[in-house]
Amino acid sequence: MEGVQSLPPHLQGELMKTLEQMQMKDSLVMYNTLVERCFGTCVSSFRSKSLDKYETSCIENCAERYIKMTQRVGLRFAEHQAMQQQRAADAAAGK
């Protein structure tokens with residue numbers, strides 16, 4: 001985000017607004033994917049208004065695993081990006 005500082009203030013604001021919108025969209029996509037996956041996997045009966053113990057436990061475990069997986073993927077992606085930036089910096093420095 002070093003290049004952001006060189007942008008005019010009105011463009012910085014537009015960029016930040018766009019980034020916030022992208023983050024919101026990504027969050028909603030992740031939430032919807034979690035709901036679809038866990039509901040489809042865990043809920044099989046519609047005989048009552050509430051979930052039974054198995055369904056509740058299954059949904060809790062599914063959601064926990066999904067969140068941990070997305071956090072881990074995000075962490076690995078950030079590590080990969082850092083390595084790519086370091087390689088680019090090394091290449092630019094002539095190493």
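Our subject is the structure that appears above.
Residues numbered from 1 in each chain as written. Predicted model: local features only at pLDDT ≥ 70, side-chain atom pairs only at ≥ 80, totals over all residues. Heavy atoms only, no water.

Caption draft 1: Structural detail: the overall build of the protein chain. The helix and strand inventory of the protein chain stands at 2 helices and 0 strands. Its C-alpha atoms give the protein chain a radius of gyration of 21 Å, clearly above 12 Å, the size a compact globule of 95 residues would have. If you line up the protein chain on its principal axes, its C-alpha atoms span 65 × 35 × 15 Å. The buried share of the protein chain, taken over its 95 residues, is 11%. In the protein chain, 37% of the contacts between residues at least 6 apart in sequence involve partners at least 24 apart. Here the protein chain has roughly 8,200 Å² of accessible surface; of this, 58% comes from carbon and sulfur atoms. Charge-centre separation for the protein chain: the mean point of 12 positive side chains lies 6 Å from the mean point of 11 negative side chains. (Helix = DSSP H or I, 4+ residues; strand = E, 2+ residues; numbered from the N terminus. Rg over C-alpha atoms; globule rule 2.2 N^0.38 Å. Buried < 20%, exposed > 50% of the residue type's maximum accessible area, 1.4 Å probe, protein only. Contact = heavy atoms within 4.5 Å. Areas by Shrake-Rupley, 256 points an atom, 1.4 Å probe, with all protein chains shown as cover. Lys, Arg positive; Asp, Glu negative; His and termini not counted. Charge placed at Lys NZ, Arg CZ, Asp CG, Glu CD.)

Caption draft 2: Just the nonpolar core, in detail. Judged by nonpolar contacts, L34, C38, C42, C58, C62, A63 and Y66 together constitute the single largest core of 7 residues. Residues in contact with Y66, not counting those within four places in the same chain, are M30, T33, L34 and R37. (Core = buried A, V, L, I, M, F, W, Y, C linked by side-chain atoms within 4.5 Å.)

Caption draft 3: Highlighting a nonpolar patch on the surface. Nonpolar side chains collect at one region of the surface, where Y31, V35, F39 and F46 lie side by side and expose about 450 Å² of accessible area between them. Tracing the sequence through the fold places F46 in the loop between α1 (9–42) and α2 (53–93). (Patch = residues over 30% accessible without salt bridge, like charges linked within 9 Å, V, L, I, M, F, W, Y side chains within 5 Å. Salt bridge = Lys/Arg side-chain N within 4 Å of Asp/Glu carboxyl O.)

Caption draft 4: How the structure looks around α2. The terminal C-alpha atoms of α2 lie 60 Å apart, and with 41 residues this matches the ideal 60 Å at 1.5 Å per residue to within 8%. Every buried residue belonging to α2 is among E55, C58, C62, A63 and Y66, and all of these are buried. Buried residues in α2 make contact with α1. Its side-chain oxygen at 3.1 Å from the backbone nitrogen of Y54, D52 defines the N-terminal cap of α2. G94, located one to two residues past α2, shows a positive phi value of around 85°. (Expected span 1.5 Å × (residues − 1). Polar contact = N/O pair within 3.5 Å; in protein donor to acceptor, adjacent residues only side chain to side chain.)

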